[in-house]
Amino acid sequence: MTQETSLLAFPPDESGGEAWLRYPRLCAADASALQALCTVNACPGAEAALSELDRALAGWGLPPRTDGDGLSLSLDPALPEEGFCISRPSPQQVRLAGGSPRGLLYGMFHLLRCVNCGLPLEGASAPAVPLRMINHWDNLVCDPVHGSIERVKGGDTIFDWTDLARPNPRYEEYARLLASVGLNATCLNNVNAEPEILSTDMIRGLAALASVFRPWGLRIFISVNFATPVLLGELDTADPLDARVQDWWRNKADEIYAAIPDFGGFVVKADSEGKPGPGTYGRNHVEGSACLARALAPHGGTLFWRTFVYGRNLADKLPDPKARADRANHATHEFMGLDGQFEENVILQIKCSAIDFQIWEPVHALFGKLSNTRMCVEFALTKEYSGLDVHMNWEGPYVSEILRSPLVAGRMDAVTAVANLNNSRNGFGHLLHGASLYTHGRLAWRPDADPRAVLDEYTVQMFGPEAGPAVSEMMADSYDTVASYTMPMGMTYISEFLHHFEPDPWANHDGAGITADGIGVDRTAATGSGYIGLYPPELAGRFEDPATCPLRCLLYFHHLPWTHSLPGGETLIQSLYDSYCGGVETVRGYRRQWRALHGQIDLERWAHVCEKLALKERHAERWRDLVCRFLEEISGIKDAQGRFDAPSVHNRVRSGYRQAFEDYRARVERERGVMRRKPI
Ligand code: GCW
């Protein structure tokens, strides 16, 4: 074979920007189904569904659709509003009915996915959770530390915040992508919200975006700063019990709904990490949320009130200093006494876990303490503590475990996640991190779905039926792998302060409970901070005893001596060394697995992942070397195999992060100063 012919054998290059909506030529397709999809008889309201069908037909290399009876699209009010039903009265006929135009749209995406994946077309489905959402942490103004998106590397915001109304074809692609996995709501800006999001200019821009998103069933939410009336200079207080403040929010909501009749509502981060909230005015979360919720209620709007609060003065609720010192306790104690008191249109948005998106952090105990309050579970696709966009990392097994937990399953009004979308060429920074958004949408729709089956759908659509399964194989355990060489066994927070990316155990190990005598945080009810006692008895019983506590969250719940013996007989410290070393070996294996796909995947996407995996390997080695050397130093116990005796290229982190962190702190303080200077 000449060089020329061998190059021609490669599939044509792709940017990855279409993510899973590629519609490549199909090799082993159901020919009569394809033929059926070319002649269509559609009801009104099916426009978006039809436009997606047209894209698919063109991608598959089929003739443009004509009128006919192959595929019929209809509305059936007996179906759930967002649900659909697909039947096949004969091989040449496909019937798709939706409960509404949105149901039809989701049904169309389902149909096209099934064709792409070679799955049977027939079936019915409806979402288990009404609000399926993502939260962007995009900044209106570039943050000096985070840039245009908080916690997202590898790309900038996709929204032009200087002029949201300026048309951009990417906005529609974005809405299609979200709709294709059943997401129906998006909150566009950072929960650390700038007050300008509520300016009249911005509302005009949001209205323009809403009209692009509307055909795709996507409703807009925005994050708002609790002190907006003060920060915009319009009032001298944001006290939620002050009638002027209540009027201000009512007028603002009226203004928004006049421009965006189907506006979703607000997301609020209040009294959290220096942000103002009802606490600023001596009020509680019920009073604070009611003020905004009542403004939205007449328009059918929803208020998401985040529970991510910690470090507040909880002496009244937590007299025991040990309990108070453990941040895991804070949100639960702050909110559990308020159950049943929130307005009907308030949904508490609760992070999946109590500290902050740590790897394998167990389900947040607060979920179990609320029985009369609407709830939303918040995940992070951003991988803030698990490698950002550098480390291939598919969190499906973790997300699925949380969604299936008895504290969460069947109890959520909404499921959301911090979005990892950006303006990079492939939309995610790391091409394979589209799998996170894909899985989020599919599991929000059906929380009990098998995450591995979802991953398989994604990889087949991304890489075809030949390469797809091998890619799934490589990604399936990638979350555990990241844990194994960063923070295994439920260890928390030993990365640097600022970006949570580099290992920095010397500077930051208190949160992981690392001392000369052992590792882990004692959260037991018997001797520790008492966090375990906040779980229902069955779970608490399992977590309380190190012998029954799942290994992957052992150090989250227990402080154990270095020589503690694990079920396999090895000591804790040795098994940590083995975990770090094993993790690096697994990453090397991923590189081999990916290299073996050379020629089966177009060169551009293949080379991109190759490069990312090379970075991952180097960075995994860095984690291994830095953390294991630190562990040897602090425990005084060497690795039995002497793997860290030789000098390492990885030295202690001396990167200036600390200074950058201080600068950031100073900025937060300045902002607080602004708040204080206003007469309140
Ligand atoms: O995990 C922390 C992050 C902050 C984030 C905060 C939150 C948006 O470090 O960057 O702020 O959580 O969830 O509010």
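All values reported here derive from a predicted model rather than from experimental measurement.

Visitor: Any chance you could explain the site of the ligand here in plain terms?
Guide: Around the ligand sit 15 residues in total, of which Glu150, Lys269, Lys351, Asp356 and Glu384 are the nearest. Between the ligand and the protein, one listed contact pairs an oxygen atom with a side-chain N or O atom of Lys269 at 2.6 Å. At a separation of 2.7 Å, an oxygen atom of the ligand approaches a polar side-chain atom of Glu384. When the ligand is considered free in solution it has 340 Å² of accessible area, and contact with the protein chains removes 97% of it. Split by residue class, the shell around the ligand holds 4 nonpolar, 3 polar and 8 charged.

Visitor: Looking at this model, I keep getting lost on empty space enclosed by the protein. Mind explaining?
Guide: If a probe the size of a water molecule is rolled over the atoms, the empty space left behind becomes visible. On inspection of all chains with the given rule, the structure shows 6 cavities of 30 Å³ or more. In this structure, the largest cavity occupies an estimated 130 Å³ of space. In terms of lining residues, the largest cavity is bounded by 14 residues, among which Phe357, Ala380, Ser386, Tyr398 and Tyr479 are the most central. Those elements that place two or more of their residues in the lining of the largest cavity are β15 (374-380) and α13 (396-404). Residues belonging to the lining of the largest cavity are distributed by class as follows: 8 nonpolar, 3 polar and 3 charged. Taken together, Arg151, Val152, Lys153, Leu381, Thr382, Lys383, Leu388, Asp389, Asn420, Phe428 and His433 make up the full set of residues lining the second largest cavity. Taken together, the residues of the lining of the second largest cavity sort by class into 4 nonpolar, 3 polar and 4 charged.

Visitor: Please explain the layout of surface pockets as it appears in this structure.
Guide: In this structure, the second largest pocket spans a volume of roughly 610 Å³. If you trace the second largest pocket, you find 27 residues lining it, with Pro24, Arg25, Cys27, Gly464 and Pro465 closest to the centre. Looking at the lining of the second largest pocket, the elements with two or more residues in it are α4 (101-117) and α15 (451-475). For the lining of the second largest pocket, the element with the highest residue contribution is α15, accounting for 7 residues. Residues of the lining of the second largest pocket, tallied by class, amount to 14 nonpolar, 6 polar and 7 charged.

The rules we used
- Numbers given for residues are sequential positions, taken from 1 along each chain in its written order.
- Local features in a predicted model are, by the rule used here, given only for residues with pLDDT of at least 70; side-chain atom pairs are given and counted only at 80 or more, and totals for whole chains, interfaces and linings are based on all residues.
- Calculated side-chain values reflect all of the structure's heavy atoms, with hydrogen atoms and water omitted.
- Residues are counted as near a molecule or strand when any one of their heavy atoms sits within 4 Å of it.
- Definition of a polar contact: a pair of N or O atoms within 3.5 Å, with one able to donate and the other able to accept a hydrogen when the atoms are protein atoms, and with sequence-neighbouring residues admitted only if both atoms are side-chain atoms.
- The accessible surface values rely on the Shrake-Rupley method and a 1.4 Å probe; as for residues, cover is taken only from the protein chains in view.
- Note that Gly is not counted as nonpolar here; it falls among the polar residues with everything else outside the nonpolar set of Ala, Val, Leu, Ile, Met, Phe, Trp, Tyr, Cys and Pro and the charged set of Asp, Glu, Lys and Arg.
- Lining residues are those with an atom within 4 Å of a point, where the points come from a 1 Å grid over the protein atoms alone and group into cavities, where a 1.4 Å probe fits but cannot get out, or pockets, open sets with protein on both sides within 12 Å along at least five of seven lines.
- Grid points are joined across faces, edges and corners, and a volume is the space filled by probe spheres set on the points.
- Under the scheme used here, helices are H or I runs from DSSP no shorter than 4 residues and strands are E runs no shorter than 2 residues, and both carry numbers assigned from the N terminus.

Without other data, these values stay purely geometric and don't point to any function.
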